[in-house]
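Summary of the model geometry
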Amino acid sequence: MKILAIESSCDETAAAVVENGTKVLSSVVNSQVAIHAQFGGVVPEVAARSHVEAINPVINLALKQANLTWDDIDAIAVTDGPGLSGSLLIGTLAARTLAIVKNKPLYGVNHILSHFYANFLSNPKIEFPVLSLTVSGGHSQLVLFKNQFESEQLGTTTDDAVGEAFDKVAKIIGLGYPGGPEIERAAKDGQNVFKFTKPRTQNPYNFSFSGLKTAVLRQAQAQIGQDYTFPSFKIAEKLSEQDKLDLATSFQTTAIEILTEKTKLAYDQYQPKTVALAGGVSANKALRDSFTQTFPKLIMPEFQFCTDNAAMVGAQAYFWAQKHQPDNPYSLEINLKQGVK
Ligand code: KG4
Ligand code: ZN
């Protein structure tokens, strides 16, 4: 089964052709990072406009690179949420229109779950049950997969996602966008001198990173002898280089401890055969090292499939299609809820 998949939930316009959920025949990603970097973060209106410009060329290129025509395609898959509404609308409208015009079954899939399915692209033989942590700019989520088809959400984002916290902390200490890789670089040269409190959540598997981000802000204000009224955008110019590095290290250390400890708690309770790590933040080497040391059987997607892409959407749709009817292309709606369907 060859699926043409489309992903446009945030700031990447992506299309791919995937065969039987595991074989990538093409994967095209048009990133808007350079456009949003000048604003220090993703601007939703700009993202939606850029998707409009990129979506048709990206889909055509995915078909061309796979050396296929529409006659060879068995189904269309698209991310229907969660994400930015304007961005999701462009991808779903393109997919719905193509499904009608080309007369193909249409499958809307959940973006957060599809990050896990990226694992099938490099490692088709996965031992279940799998405990999966997806960490990215929009979500931090722990899901237990009983098999390829069934999953149970254990915990999710309650405020800022972990990648968002990396991006915001980077902004406070004057680093570029996206903040994750910048913090990781700075953290190598700093010391873990600031001990930040780890938040308690009612459901121990839920994630809250907004308090940690604010703790970094308050510590940065204290380092320059200012109180909480001092504007965050002026802090970086007064912070010493050493303080910037130490704040990056202390923040990253705490964030990784939170992610590792929550995943370990679920690991001990559910005793899965495999732990999976996915999403843009899983590019972080210190996080990978912490997980490698903690969990005996750890799988991660190839780096190119860790960040947003459409191949993971094609992989998920293949397994989804084994158990579910296609969606109605005339009525498929976007779904902004963090939870999975
Ligand atoms: O999965 P992704 O590409 O897009 C979303 O679905 O959000 O993740 C992007 C996020 C950004 O917040 C970025 O700062 C973070 O992943 N990120 C990292 C690293 N590389 C990307 N965070 C920490 N360390 C990294 N090396
Ligand atoms: Zn994502």
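Turning next to the coordination of the zinc ion (ligand 2). Here the zinc ion (ligand 2) is held by H111 (NE2), H115 (NE2) and D308 (OD), and the distances to it run 2.1 to 2.2 Å. Here the zinc ion (ligand 2) is ringed by four donor atoms whose angles at the metal span 93 to 146°, and the overall shape comes out irregular. Look at where the donors of the zinc ion (ligand 2) fall in the sequence and you get H-x3-H-x192-D. Of this pair, H111 sits in helix α4 (residues 111-117) while D308 is found in the loop between β10 (298-299) and α12 (311-323), placing the two residues 197 residues apart along the sequence.

Around ligand 1, the surrounding shell holds 21 residues, and the nearest of these are G137, D167, G180, E184 and G280. A distance of 3.5 Å separates an oxygen atom of ligand 1 from a polar side-chain atom of H111. Here ligand 1 has 560 Å² of accessible area as a free molecule, and 89% of this is covered by the chains. Looking at the shell around ligand 1, the elements with two or more residues in it are α4, α6 (162-172) and α7 (179-187). Its residues assigned to classes, the shell around ligand 1 comprises five nonpolar, 13 polar and three charged.

Next up on the list: the sheet that holds strand β4 (residues 75-81). Pairing within the open sheet is mixed, and its five strands lie in the order β3-β2-β1-β4-β5. Only two strands of the sheet have a single partner each, and these edge strands are β3 (23-31) and β5 (106-110). Neighbour-to-neighbour, the strand axes of the sheet open up by a mean angle of 20°, direction not taken into account. Across six bridges, strand β1 (residues 2-7) lies against strand β2 (residues 12-19) in antiparallel orientation. Residue pairing for β2: I6 is matched across the bridge by A15. Along the sheet, helix α2 (residues 44-65) contacts β1, β2 and β3; its crossing angle with β2, the most-contacted strand, is approximately 25°. Contacting β1, β2, β3, β4 and β5, α12 runs over the sheet at an angle of about 110° to β5.

It is worth spelling out the sheet that holds strand β6 (residues 130-135) at this point. Spatially, β8-β7-β6-β9-β10 is the arrangement adopted by the five strands of the open sheet, whose pairing is mixed. With one partner strand each, in any of the chains shown, β8 (151-155) and β10 form the two edges of the open sheet. Pairing of strand β9 (residues 274-278) with β10, which is carried by two bridges, proceeds in the parallel orientation. Its bridge partner being in β10, A276 is matched across the sheet by I299. Lying on the sheet, helix α10 (residues 241-270) is in contact with β6, β7 (140-145), β8 and β9; it crosses β6 at an angle near 160°.

Further remarks concern the side chain of T79. Along the chain, the position of T79 falls in strand β4. Owing to a relative accessible area of 0%, T79 belongs among the buried residues under this scheme. Separated by 2.6 Å, the side chains of T79 and E7 make a polar contact. Among residues more than four places away in sequence, those in contact with T79 are I6, E7, S9, L88, T92, V109, H111 and V313.

What counts, and where the lines are drawn
- Residues numbered from 1 in each chain as written.
- Chains lettered and ligands numbered in written order.
- Predicted model: local features only at pLDDT ≥ 70, side-chain atom pairs only at ≥ 80, totals over all residues.
- Heavy atoms only, no water.
- Donors = N, O, S within 2.8 Å, 3.2 Å for Na, K, Ca; no water.
- Tetrahedral: all angles 85-135°; square planar, octahedral: opposite > 155°, others 65-115°.
- Helix = DSSP H or I, 4+ residues; strand = E, 2+ residues; numbered from the N terminus.
- Near = heavy atom within 4 Å.
- Polar contact = N/O pair within 3.5 Å; in protein donor to acceptor, adjacent residues only side chain to side chain.
- Areas by Shrake-Rupley, 256 points an atom, 1.4 Å probe, with all protein chains shown as cover.
- Nonpolar A, V, L, I, M, F, W, Y, C, P; charged D, E, K, R; others polar.
- Pairing = 2+ DSSP bridges.
- Axes fitted to C-alpha atoms, helices over the stretch in contact; angles between N-to-C directions.
- Contact = heavy atoms within 4.5 Å.
- Buried < 20%, exposed > 50% of the residue type's maximum accessible area, 1.4 Å probe, protein only.

Treat this as a map of the structure, not an account of what it does.
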